[in-house]
Amino acid sequence: MKSRRHFIQKLSAFTGASLLPSLKALSADNLLTISQLSPNKTVEELATDEDYWYQIQQAYTVSPQIINLNNGGVSPAPLVVQNAVERYGKFANEAPSYFMWRILDQGREPLRENLAKYAGVSPEEIAINRNATEALDTIILGLPLQKGDEIVMTRYDYPNMLHAYRQRELREGLKINYVELDLPAEDNDLIVKKFVEQMTPKTKVVHITHIINWNGQILPAKRIADEAHKRGIEVVIDGAHSFAHLEYKIPDLGGDYYGTSLHKWLSAPIGSGMLWMKKEKISKVFPLIPNDKPNSDNIRKFENLGTRPFMIEQAIGQALNFQLAIGNARKEARLRYLKNYWAKEAQSHIPKFKLNTSLKQEFSGALAHFGIEGLEGGKIEGELLGKFKIHTSPVKWEKLDGVRVTPHVYTTLNDLDRLLEGIKHIAKT
Ligand SMILES: Cc1ncc(COP(=O)(O)O)c(C=O)c1O
């Protein structure tokens with residue numbers, strides 16, 4: 001109990017919450033409430049404990065009208081986070097240039113420390129911004145590359161990132177060498193080999209999407225990064241779908257640069273993201289929005305973003321507390337359990353159902369993609385929404401055509417039973 005109290009005190013000290021006493025109390029209470037719910041169970045036992053996860057669900061404001069199984073697009077924030085945004089917003093609006101720029105602003109450094117600790121890196125390597133696109137485009141467009149330099153990436157990387165490299169290809173004569181992946185994949189040796197085959201003496205950057213958004217494929221980031229480094233090539237990692245979803249620290253992936261959204265798996269307010277790069281790389285990357293010292297090695301040069309809602313940024317602290325209270329390992333296990341629950345059942349019992357995601361632990365977490373023979377993904381998605389009020393994401397990309405299903409910590413087995421009912425019905429008719 002004593003160590004828990006100490007832990008909570010430390011957490012509260014990290015957040016900007018100390019500026020507003022009521023917020024500090026709320027964060028601590030929330031943390032205690034969640035932790036008291038978790039009995040002494042192993043991660044695997046807790047993953048199937050519906051009573052526990054029901055209480056977690058109650059921390060969200062889940063719609064009773066639709067079942068949201070597109071948390072991969074953007075995730076909702078628990079009420080404690082929503083309340084913080086609202087409270088900070090009201091506070092800021094009393095006199096924005098004073099309360100937002102002079103008071104709320106003081107929470108940024110504690111938040112940076114908190115995020116850095118969670119991510120396993122130095123606070124001097126973390127910039128807080130608005131989404132993964134901003135974080136990764138800062139890297140992609142800011143790296144000093146020139147005509148003839150080559151990039152290795154796959155056609156399954158996120159479109160915004162593909163577009164950023166392609167713009168540099170068009171404008172500055174870079175060249176992209178594509179790794180041709182067949183998804184789902186269950187052979188990491190082959191994946192690494194395919195990446196290595198595209199690396200040449202001219203390659204300067206390898207771009208790796210840790211979890212591919214289209215079907216949830218986990219790539220062996222560290223192994224690919226190690227191969228790149230052996231050849232003197234730098235590595236950019238897109239962690240949009242793995243941060244606060246899989247249990248790891250950023251250095252475990254072996255990259256030099258990393259970007260993620262915080263409004264996906266961390267359940268931070270919508271419009272929050274994070275950039276990381278190794279300290280020694282900072283000075284050579286030009287910011288997207290320059291400050292007066294674009295060559296400096298101060299990571300804060302990437303935060304010269306103009307006037308923006310600091311209430312969103314500051315409420316990231318509440319989302320982080322919430323994440324810590326659940327615990328990364330527990331969350332990953334629960335998310336995988338939910339994915340397996342519906343996907344295994346559908347795969348074994350629904351004719352014409354085709355799963356396009358590996359069910360092996362090292363290759364997927366919460367996200368999965370499926371198709372139904374003879375039906376386009378858009379049609380399946382439309383039926384699920386129209387007839388069953390289940391919101392999913394139609395995914396037609398490269399060789400995939402179907403629907404992506406993404407549960408979150410607030411998803412119940414009832415929701416997934418309803419999904420199975422919907423898929424069965426659609427496959428039959
Ligand atoms: C793999 C991947 N990278 C980057 C992004 C972009 O994220 P954001 O919308 O936060 O910029 C996404 C969004 O879905 C994604 O799936």
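This text follows the structure it describes.
In what follows, the accompanying structure is described. Computed from a prediction, not measured in an experiment: that's the story for all the values here. (Residues numbered from 1 in each chain as written. Predicted model: local features only at pLDDT ≥ 70, side-chain atom pairs only at ≥ 80, totals over all residues. Heavy atoms only, no water.)

1. Observations concerning helix H10 (residues 188–198)
Here comes step 1: If you check which residues of H10 are buried, you get Asn188, Ile191, Val192, Lys194, Phe195 and Val196.
Here comes step 2: Of the residues that open H10, the one with a side-chain oxygen 3.1 Å from the backbone nitrogen of Asp189 is Asp187. (Buried < 20%, exposed > 50% of the residue type's maximum accessible area, 1.4 Å probe, protein only. Helix = DSSP H or I, 4+ residues; strand = E, 2+ residues; numbered from the N terminus. Polar contact = N/O pair within 3.5 Å; in protein donor to acceptor, adjacent residues only side chain to side chain.)

2. Points about the nonpolar core
Here comes step 1: In this structure, Phe195, Met199, Val206, Ile208 and Phe243 are the most contacted members of the largest nonpolar core, which totals 78 residues.
Here comes step 2: Per element, the largest residue contribution to this core is six residues, and it comes from helix H5 (residues 79–94).
Here comes step 3: Leave out the neighbours within four places in its chain, and Met199 touches Val152, Val206, Ile224, Glu227, Ala228, Arg231 and Ile233. (Core = buried A, V, L, I, M, F, W, Y, C linked by side-chain atoms within 4.5 Å. Contact = heavy atoms within 4.5 Å.)

3. A short note on the site of the ligand
Here comes step 1: Around the ligand, 13 residues are found, and the nearest of them are Thr133, Asp238, Ser261, His263 and Lys264.
Here comes step 2: For the ligand, an oxygen atom lies 3.2 Å from a polar atom in the backbone of Ala132.
Here comes step 3: In this structure, His263 approaches the ligand through a side-chain N or O atom, which is 2.8 Å from an oxygen atom.
Here comes step 4: Protein coverage of the free-state accessible area of the ligand, which is 390 Å², stands at 89%.
Here comes step 5: More than half of the atoms belonging to the ligand lie within 2 Å of the grid points that define the largest pocket.
Here comes step 6: Its residues assigned to classes, the shell around the ligand shows four nonpolar, seven polar and two charged. (Near = heavy atom within 4 Å. Areas by Shrake-Rupley, 256 points an atom, 1.4 Å probe, with all protein chains shown as cover. 1 Å grid on protein atoms, 1.4 Å probe; cavity = no way out; pocket = protein on both sides within 12 Å on 5 of 7 lines; lining within 4 Å. Sits in = over half its atoms within 2 Å of the grid points. Nonpolar A, V, L, I, M, F, W, Y, C, P; charged D, E, K, R; others polar.)

4. A short note on helix H7 (residues 108–119)
Here comes step 1: Taking 1.5 Å of rise per residue, twelve residues should cover 16 Å, and H7 covers 16 Å from first to last C-alpha, within 8% of that figure.
Here comes step 2: Regarding H7, the residues found buried are Arg108, Leu111, Arg112, Asn114, Leu115, Ala116, Tyr118 and Ala119.
Here comes step 3: Downstream of H7 by a residue or two, Gly120 has a phi angle that is positive, lying close to 75°. (Expected span 1.5 Å × (residues − 1).)

5. Side note on the sheet that holds strand E9 (residues 353–355)
Here comes step 1: With antiparallel pairing, four strands are arranged side by side in an open sheet as E9-E10-E13-E12. Looking along the sheet, the strands with just one partner apiece sit at the ends: E9 and strand E12 (393–397). Adjacent strand axes in the sheet meet at a mean angle of 35° when their direction is disregarded.
Here comes step 2: Running at roughly 30° to strand E13 (residues 400–405), helix H15 (residues 377–388) makes contact with strand E10 (368–372), E12 and E13 of the sheet.
Here comes step 3: Relative to E10, helix H16 (residues 413–428) is tilted by about 25°, and along the sheet it contacts E9, E10 and E13. (Pairing = 2+ DSSP bridges. Axes fitted to C-alpha atoms, helices over the stretch in contact; angles between N-to-C directions.)

6. A look at the sheet that holds strand E2 (residues 126–129)
By definition, the strands of a sheet pair up through backbone hydrogen bonds, in either a parallel or an antiparallel sense.
Here comes step 1: Taken together, the seven strands give an open sheet; going across it, the order is E2-E8-E7-E6-E5-E3-E4, and neighbouring strands pair in mixed fashion. In this open sheet, the two strands that pair with only one neighbour each are E2 and strand E4 (175–179). Recorded for the sheet is a direction-independent mean angle of 20° between the axes of neighbouring strands.
Here comes step 2: Two elements, strand E3 (residues 150–154) and E4, share five bridges in a ladder whose sense is parallel. Residue pairing in the sheet places Ile151 in a bridge with Ile176 of E4.
Here comes step 3: Each of E2 and strand E8 (273–277) touches H7; the most contacted strand, E2, lies at about 115° to it.

7. Section: the pattern of salt bridges
Oppositely charged side chains are able to pair whenever their charged atoms sit close together.
Here comes step 1: Here the structure, examined in full by the defined rule, presents 30 salt bridges.
Here comes step 2: Where Lys281 meets Glu234, a salt bridge forms, and the shortest distance between an N and an O atom there is 2.6 Å. Linking Lys281 in the loop between E8 and helix H12 (310–314) with Glu234 in strand E6 (residues 234–238), this pair joins segments that are 47 residues apart in sequence. Exposure class is identical for Lys281 and Glu234. Each is buried.
Here comes step 3: Here Glu383 and Lys387 are joined by a salt bridge, their closest N and O atoms 2.9 Å apart. Of this pair, Glu383 and Lys387 both sit in helix H15, four residues apart, which is roughly one turn of the helix. (Salt bridge = Lys/Arg side-chain N within 4 Å of Asp/Glu carboxyl O.)

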